[in-house]
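Spelled out, the chains give:
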Amino acid sequence: ITAHLNAHDHQVERRNEDAWNILNSLTFQNPFFHNVEISQSHYCFFLGDLNYRVTETLEDTLKYIEKNDWEALTNKEQLKVELEKGNCFVNFLEEK
């Protein structure tokens, strides 16, 4: 799946909604089964401009980068926070 989700810092809930809508509305045809849902497949890759942001100021972000403190910076990422809350991409894994 490829998608371009809503932009801007304040649109986190809208991005989550869009992802849910995409994942819950897509079906595909299979020669043996009809209308297979994404949740029934073994693998699903969701790619694109998801627009989740780091919720830090530019100045603080640059400080994390200078210190090579990637863990602290990653903890400020909207996607990571939303995944941990269970608000989006439930049952998906993000590989490092």
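A quick note: this is a predicted structure, and the numbers were derived from the prediction, not measured. (Residues numbered from 1 in each chain as written. Predicted model: local features only at pLDDT ≥ 70, side-chain atom pairs only at ≥ 80, totals over all residues. Heavy atoms only, no water.)

Novice: Let's hear about the overall build of the chain: which residues, and what values?
Specialist: A count of helices and strands for the chain gives 4 helices and 4 strands. The secondary structure elements of the chain, listed N-terminal to C-terminal, are β-α-β-β-β-α-α-α. Taking 96 residues into account, the globule formula puts the C-alpha radius of gyration at 12 Å, and the chain, at 16 Å, lies well above it. Structurally, the chain occupies a C-alpha span of about 55 × 25 × 20 Å along its principal axes. Counting over 96 residues, the chain shows a buried share of 25%. (Helix = DSSP H or I, 4+ residues; strand = E, 2+ residues; numbered from the N terminus. Rg over C-alpha atoms; globule rule 2.2 N^0.38 Å. Buried < 20%, exposed > 50% of the residue type's maximum accessible area, 1.4 Å probe, protein only.)

Novice: Please set out the pattern of salt bridges residue by residue, giving values where relevant.
Specialist: Under the defined criterion, the tally for this structure stands at 6 salt bridges. A salt bridge links R14 to D18; the shortest N-O distance between them is 3.4 Å. Pair noted here: R14 and D18 are both in helix α1 (residues 12–25), with a separation of 4 residues, about one helical turn. (Salt bridge = Lys/Arg side-chain N within 4 Å of Asp/Glu carboxyl O.)

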